[in-house]
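Residue-level listing of the chains:
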Amino acid sequence: MGKPEEPYIRIIVETYRKRRGGLHGDLHVRPIAGQGIPQNLRVRFPKTLRRAHDLGTHFLVYAKVTDREGGNEFVHTNHAWDVEMLGKPGTYTMKKL
């Protein structure tokens, strides 16, 4: 994995559906807008959590932008770290990150 100097930060991600994107399956995760991370980056995120909650659910995670030895950038989360399920947009209030 590239970018070892990039720090892990807390960000909010959301599930979304994209068909025929050349990806595995059609349920994916991306950062929400307004966090300084491009929303078009894919997020490496546990399938079980994606499937266990409604489409559009927000999650609070520790993540960082990285790449695979010079390949395309993506957002990495560690499967062993806690993930906080926040809910659908408008159904929760955020405390200071």
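Residues numbered from 1 in each chain as written. Predicted model: local features only at pLDDT ≥ 70, side-chain atom pairs only at ≥ 80, totals over all residues. Heavy atoms only, no water.

Caption draft 1: Expanded view of the overall build of the chain. If you tally the helices and strands in the chain, you get one helix and six strands. Counting only residues that meet the buried cut, the chain has 35% of its 97 residues in that class. Within the structure as shown, the chain displays about 6500 Å² of accessible surface, and the carbon and sulfur contribution to it stands at 49%. (Helix = DSSP H or I, 4+ residues; strand = E, 2+ residues; numbered from the N terminus. Buried < 20%, exposed > 50% of the residue type's maximum accessible area, 1.4 Å probe, protein only. Areas by Shrake-Rupley, 256 points an atom, 1.4 Å probe, with all protein chains shown as cover.)

Caption draft 2: Spatial organisation of the packing of aromatic side chains. The final tally for this structure, using the stated rule, is three aromatic pairs. Between Tyr-8 and Trp-81, the ring centres sit 4.9 Å apart and the planes meet at 75 degrees, which makes this aromatic pair edge-to-face. Pair noted here: Tyr-8 is in the segment before strand E1 (9-17) and Trp-81 is in the loop between strand E5 (73-77) and strand E6 (84-87), with a separation of 73 residues, a long-range link. Between Phe-45 and Phe-59 the ring centres are 5.0 Å apart and the planes differ by 50 degrees, which places this aromatic pair in the tilted class. Of this pair, Phe-45 sits in the loop between strand E3 (43-44) and helix H1 (47-52) while Phe-59 is found in strand E4 (residues 58-67), placing the two residues 14 residues apart along the sequence. (Phe/Tyr/Trp six-rings, centres within 6.5 Å; stacked < 30°, edge-to-face > 60°.)

Caption draft 3: Structural context of the pairing of E1. Sheet topology note: the E1/E4 ladder contains six bridges and is antiparallel. The residue of E4 that forms the bridge with Arg-10 is Tyr-62. Where E1 meets strand E2 (residues 27-31), five bridges bridge the pair, whose relative direction is antiparallel. Directly across from Arg-17, in E2, lies its bridge partner Leu-27. (Pairing = 2+ DSSP bridges.)

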